[in-house]
Amino acid sequence: VLEAVRQDGQALFYAAAELCADRGVVLEAVRQDDWAMRHAAREFRDGTEGGRAIREAASSHLALAGSRAPVFTVPDVMVQEDGTLQVVAYNLAGDSVTDVFLAQATLADVAGWLAEWHGRSWTVFVDFPAHGAPSPWDSSKTVVEW
């Protein structure tokens, strides 16, 4: 079912009730088709705390475990004298990309930047070796707090 909703979010309509209550399945369905939210379990519908969490995670560019997505490693985040953050990321081929973010930048901001830089994937895995890889549910955390 997970692969089905990744291809067509409306496939959630045909999923068993327990899968419609699985936040990972609902997330992937909503990422593929925003209208899939109407087939989710009540706790994930719009207007609920669960629904807000799904919407936030769906817009984050952070890949869900088990997804096919490019992997980037961010070995270090350097705080500049002006308080901004210099982030250097490496893809699996060893190519690097560097950018500067405001101090309050979120993990979603970094993932969005890397997805845009990659250019062929809407989601990415971002590994911070000292702290691990954040999930879409961590998207609103700041880079500094991660």
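A few points on the structure. For clarity, every value in this text was computed on a predicted model and none was experimentally measured. (Residues numbered from 1 in each chain as written. Predicted model: local features only at pLDDT ≥ 70, side-chain atom pairs only at ≥ 80, totals over all residues. Heavy atoms only, no water.)

**Observations concerning the overall build of the protein chain**
Looking only at helices and strands, one finds five helices and four strands in the protein chain. Its helices and strands in sequence order give the protein chain the pattern α-α-α-α-β-β-β-α-β, from N to C terminus. Principal axes of the C-alpha set define a box for the protein chain whose edges measure 50 × 30 × 25 Å. Counting every position in the protein chain, which comprises 146 residues, the buried fraction comes to 46%. Contacts spanning at least 24 positions in sequence make up 52% of the contacts within the protein chain whose residues lie at least 6 apart. Roughly 7900 Å² of accessible area belongs to the protein chain as shown, and the carbon and sulfur atoms make up 52% of that amount. Put simply, the protein chain has 11 plus and 21 minus side-chain charges, and the middle of one group is 10 Å from the middle of the other. (Helix = DSSP H or I, 4+ residues; strand = E, 2+ residues; numbered from the N terminus. Buried < 20%, exposed > 50% of the residue type's maximum accessible area, 1.4 Å probe, protein only. Contact = heavy atoms within 4.5 Å. Areas by Shrake-Rupley, 256 points an atom, 1.4 Å probe, with all protein chains shown as cover. Lys, Arg positive; Asp, Glu negative; His and termini not counted. Charge placed at Lys NZ, Arg CZ, Asp CG, Glu CD.)

**Regarding the pairing of strand β1 (residues 71-79)**
Direction of pairing for β1 relative to strand β4 (residues 125-127): parallel, over a ladder of three bridges. The residue bridging phenylalanine 72 from the neighbouring strand is valine 126, located in β4. Here β1 pairs with strand β2 (residues 85-91) via six bridges, running antiparallel. Directly across from threonine 73, in β2, lies its bridge partner tyrosine 90. (Pairing = 2+ DSSP bridges.)

**Some words on the nonpolar core**
Ranked by size, the top nonpolar core spans 20 residues in total, and within it Trp113, Leu114 and Val126 carry the most contacts. Contributing elements (two or more residues each) for this core: β1, β2, β3 (96-101) and α5 (107-118). Ranked by the residues each element gives to this core, the list is headed by α5, at six residues. Setting aside chain neighbours within four positions, we find valine 126 in contact with Leu62, Phe72, Val74, Val110, Ala111, Leu114, Gly132, Ala133 and Pro134. Judged by nonpolar contacts, the second largest core, of 18 residues, contains Leu12, Ala29, Val30 and Ala57. (Core = buried A, V, L, I, M, F, W, Y, C linked by side-chain atoms within 4.5 Å.)

**Remarks on unusual backbone geometry**
Although it is not a glycine, histidine 61 adopts a positive phi angle of roughly 75 degrees. Relative to the assigned elements, histidine 61 resides in the loop between α4 (49-58) and β1. By relative accessible area, histidine 61 is classed as buried at 19%.

**Let's talk about the sheet that holds β4**
Read across the open sheet, the four strands follow the order β3-β2-β1-β4; overall the sheet is mixed. Of all the strands in the sheet, just β3 and β4 have a single pairing partner and so form its edges. Neighbouring strand axes in the sheet, compared pairwise and without regard to direction, differ in orientation by 30 degrees on average. Relative to the sheet, α5 contacts β1, β2, β3 and β4, its axis offset from that of β3 by approximately 140 degrees. (Axes fitted to C-alpha atoms, helices over the stretch in contact; angles between N-to-C directions.)

**Side note on the packing of aromatic side chains**
Under the criterion given, the structure shown has three aromatic pairs. Consider the rings of phenylalanine 101 and tryptophan 113, whose centres lie 5.3 Å apart with planes at 75 degrees: the pair is edge-to-face. Linking phenylalanine 101 in strand β3 with tryptophan 113 in helix α5, this pair joins segments that are 12 residues apart in sequence. Judged by its relative accessible area of 12%, phenylalanine 101 is buried. Taking the relative accessible area as the measure of exposure, tryptophan 113 reaches 14% and is therefore buried. Lying across the ring of tryptophan 137, arginine 23 places its NZ or CZ 4.1 Å from the centre. (Phe/Tyr/Trp six-rings, centres within 6.5 Å; stacked < 30°, edge-to-face > 60°. Lys NZ or Arg CZ within 6 Å of the ring centre and 35° of its normal.)

Function cannot be read off these values alone, since they describe shape.
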